[in-house]
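Descriptive structure summary
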Amino acid sequence: MLAWTIYLSFAGALIEALLPKGRHALARWFALAVAVAGLALAVQGFVAGMGTNQAVPTVIVNAVWVPSMGIRYLLAADGINRVLVLLTGLAAVAGVLFSWNIELRTNEFFAFFLSLIGGVYGVFLSFDLFLLFVFYEIAIVPKYFLIAIWGSTRREYAAMKLALYSFVGSAMVLIGLLAAYAASGSHSTALLDLAHANLPVSSQMWLFPLVFVGFGILAGLWPFHTWAPTGHVAAPTAASMLLAGVVMKLGAYGCLRVAIGLFPHGLDPWGFSIIGVGSWRDVFAILAVIGIVYGALVALAQTDFKFVIGYSSVSHMGFVLLGLVTLNQIGMTGAVLQMFSHGIIAGLLFAIVGRIVYDRTHTRQLAELEKMHLSRRIPFAAWAFVIAGVASMGLPGFSGFVAEFQVLVGAWSAKPWWTLAAGLGIVVGVAYTWRALQKAFFADGLPTAHVLEQEHAHPFAAITWPEVTGTAMLVGVSLFVGLYPKFLLDAIEPAVKALLAGGGR
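Residues numbered from 1 in each chain as written. Predicted model: local features only at pLDDT ≥ 70, side-chain atom pairs only at ≥ 80, totals over all residues. Heavy atoms only, no water.

To continue, consider the side chain of Ser 478. By the element assignment, Ser 478 lies in helix H20 (residues 465-483). Each residue touching Ser 478, except ones within four places of it in the same chain, is listed here: Ile 344, Ile 345, Ala 391, Gly 397, Phe 398 and Ser 399. (Helix = DSSP H or I, 4+ residues; strand = E, 2+ residues; numbered from the N terminus. Contact = heavy atoms within 4.5 Å.)

Spelled out as structure tokens, the structure:
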């Protein structure tokens, strides 16, 4: 049934596009129904996988597509992509709920939204490299329109920048795909067939960095991350949630499944070192650590509330990339769990800032929010941000703690200084979170009688049921995974172990 997450999303997008214009309520409820159905299928697929060997991909669909090139329509699921499909279902439902206020071309908005979701489901379930690339490209187009039409600050610039960065990364991946196909001699683009082809080490040495960077661009790899904060800030709330929640995970998933899975010898030592750097593993670990610290420091200096969250996403995605290049089970397991955790927590943060706060105050400037006494006027937003903020900082009991702790332990096992440097990013993360929290919601000073009178005369709109439902769902998921991580780790660990042992090959 997991394949139906793809079909349902694309069918829903087509029907949304054909709905009568002006029927806003119909478009919203239909989009919600499609997203909930997709989530139900994702949950069903995850639960069904609990009774199987999560290390071995379960074939869902296997049909000949382009026989002359050995391209197949091959969908399969193991423990890693079952978790990411579940994340996509949750992000889709939350995104619809926090887009309940969309009035401009509502049916078209949700048509693009569901198209993006369908592309994401397709990437996570594809076990044919060409098919994965096709779904990867499909996911790029809706992102552009969601930002360019329904975005805000410099939306055309942000949409074009995101598209250009995405297509440059895609071009690098396509070159790697074609080179791997030509070098394998297997006349097949199935991931497992290419992994079994035993590509020459010399080819893997240049294919690995090419493909890793190509996918890493979408994952926010420093210094190719600059599209991310700009795109997050310009995007409407649902698009921000999807960009941070699942689209950046497409890049990280590609780094894991394709770059590391197909070209493992690309991570071997070069045989020489330059200032202590002796392999591509060292190079990308350093870039990941720089991303962690740099993203946190820049977030600390921001005056725009949404930019704070945008740069924090760059920092947290650095933990994912660092975990992947540790090449040990605990580090890579933590990286996959961090993909899930960050998708939930970042989605919640963008929902609070972009939907609950901005749509009522019409400003994201911390200096202006500081004067609005939001902890009294929108207490739900204030306490929701407190919970989301401590979850983002990695407070024990939330999903972020388990994920980042595993990454740090794995990094220590690889090279201790990676952990020490990444730890600095965590400390700065606490600082920028509390700074934003204090300025936006709990600023010093009591309002004067005149200010109180004005606030009473012009109250903010009440919190709506979609906002409450979406917030409760995301907080509940993060808490559940933080308190009972075994639920996801039982799926992730066997698949990561198989990948490390060569089972993916």
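On we go.
Here the focus is the pattern of salt bridges. With the rule as written, the count across this model stands at 12 salt bridges. The shortest N-O distance in the salt bridge between Glu 103 and Arg 28 comes to 2.9 Å. Here the residue Glu 103 occupies a position in the loop between helix H3 (79-97) and helix H4 (106-125), and Arg 28 occupies one in helix H2 (residues 24-49), the gap between them amounting to 75 residues. The partner of Glu 467 in a salt bridge is Arg 360, with the nearest N and O atoms 2.9 Å apart. Of this pair, Glu 467 sits in helix H20 while Arg 360 sits in helix H13 (residues 329-361), and the two are 107 residues apart along the sequence. Across the pair, Arg 360 and Glu 467 agree in class, each one buried. One network of salt bridges, in which partners are shared, links Arg 355, Asp 359, Arg 360 and Glu 467. (Salt bridge = Lys/Arg side-chain N within 4 Å of Asp/Glu carboxyl O. Buried < 20%, exposed > 50% of the residue type's maximum accessible area, 1.4 Å probe, protein only.)

Taking burial as the measure, the 7 residues of strand S2 (residues 71-77) include 6 buried ones, the bulk of the element. Here strand S1 (residues 58-66) pairs with S2 via 7 bridges, running antiparallel. The partner of Val 66 across the bridge, within S2, is Ile 71. Taking the residues between adjacent antiparallel strands as the criterion, S1 and S2 are bridged by 4 residues, where Gly 70 takes a positive phi near 75°. (Pairing = 2+ DSSP bridges.)

Our focus in this paragraph is the environment of Ala 491. Looking at where Ala 491 falls in the secondary structure, it is placed in helix H21 (residues 486-500). Accessibility expressed as a relative area gives 1% for Ala 491, which makes it buried. Linking Ala 491 and Asn 81, residues 410 residues apart in sequence, is a C-alpha distance of 9.3 Å. Sequence-distant contacts of Ala 491, that is, excluding residues within four places in its chain, are made with Phe 46, Gln 54, Gly 79, Ile 80 and Val 83.

Another aspect to go through is the packing of H4 against helix H5 (residues 129-150). Interhelical geometry of H4 versus H5 gives an angle of 155° and a closest axis separation of 8 Å. Of the possible angle classes, the one that applies to H4 and H5 is roughly antiparallel. As H4 packs across H5, the resulting crossing turns out to be left-handed. Within the contact between the two elements, H4 uses Glu 108, Phe 109, Phe 112, Phe 113, Ser 115, Leu 116, Gly 118, Gly 119, Gly 122 and Val 123 and H5 uses Leu 132, Phe 135, Tyr 136, Ile 138, Ala 139, Pro 142, Lys 143, Phe 145, Leu 146 and Trp 150. Split into classes, the residues belonging to the contact of H4 with H5 amount to 14 nonpolar, 4 polar and 2 charged. (Axes fitted to C-alpha atoms, helices over the stretch in contact; angles between N-to-C directions. Parallel < 35°, antiparallel > 145°, perpendicular 65-115°, else oblique. Left-handed = near helix turned anticlockwise from the far one by under 90°. Nonpolar A, V, L, I, M, F, W, Y, C, P; charged D, E, K, R; others polar.)

Grouped burial of nonpolar side chains is what soluble globular proteins tend to show. The biggest cluster of nonpolar side chains holds 183 residues, and the ones touching the most others in it are Phe 212, Phe 305, Leu 322, Phe 340, Phe 385, Phe 441 and Leu 488. At 18 residues, helix H10 (residues 237-262) tops the list of elements feeding residues into this core. Dropping the residues within four chain positions of it, Leu 488 is found in contact with Phe 46, Val 83, Leu 86, Leu 337, Phe 340 and Val 481. (Core = buried A, V, L, I, M, F, W, Y, C linked by side-chain atoms within 4.5 Å.)

This brings us to the environment of His 187. Checked against the element boundaries, His 187 lands in the loop between helix H6 (155-184) and helix H7 (191-196). Accessibility expressed as a relative area gives 45% for His 187, which makes it partly exposed. With sequence-adjacent residues up to four places away left out, His 187 is seen in contact with Pro 67, Ser 68, Met 69, Gly 70 and Tyr 181.

With that settled, consider the side chain of Asn 81. Within the element layout of this structure, Asn 81 appears in helix H3. From its side chain, Asn 81 meets the backbone nitrogen of Asp 78 in a polar contact 2.7 Å long. At a separation of 2.9 Å, a polar atom in the side chain of Asn 81 contacts the main-chain carbonyl oxygen of Phe 124. Setting aside chain neighbours within four positions, we find Asn 81 in contact with Ala 76, Phe 124, Leu 125, Phe 127, Tyr 253 and Arg 257. (Polar contact = N/O pair within 3.5 Å; in protein donor to acceptor, adjacent residues only side chain to side chain.)

Moving on to the packing of aromatic side chains. Evaluated as defined, the whole model comprises 30 aromatic pairs. The interplanar angle of 40° and the centroid separation of 5.0 Å between the aromatic rings of Phe 46 and Phe 487 together place this pair among those described as tilted. Taken together, the residues span a long stretch of sequence, with Phe 46 in helix H2 and Phe 487 in helix H21 at a distance of 441 residues. Residue Phe 46 is classed as buried on the basis of its relative accessible area, which comes to 2%. The lysine or arginine in question, Arg 364, covers the ring of Tyr 358, its NZ or CZ lying 5.2 Å from the ring centre. (Phe/Tyr/Trp six-rings, centres within 6.5 Å; stacked < 30°, edge-to-face > 60°. Lys NZ or Arg CZ within 6 Å of the ring centre and 35° of its normal.)

Further remarks concern H5. One turn of an α-helix holds 3.6 residues; hence residues three or four places apart share an orientation. Here H5 is 22 residues long and its end C-alpha atoms lie 32 Å apart, about the 32 Å a rise of 1.5 Å per residue gives. Here H5 lies mainly inside the structure; 16 of its 22 residues are buried. The distance from a side-chain oxygen at the start of H5 to the backbone nitrogen of Phe 130 is 3.0 Å, and the residue carrying that oxygen is Asp 128. (Expected span 1.5 Å × (residues − 1).)

What follows is about the environment of Ala 190. Residue placement: Ala 190 occurs in the loop between H6 and H7. In the structure, Ala 190 is positioned 64 residues away from Ser 126 in sequence and 9.1 Å away in space, judged by C-alpha atoms. For Ala 190, the contacting residues outside a window of four places in its chain are Leu 74, Phe 127 and Asp 128.

Remember, this is a structural readout, not a statement about activity or role.
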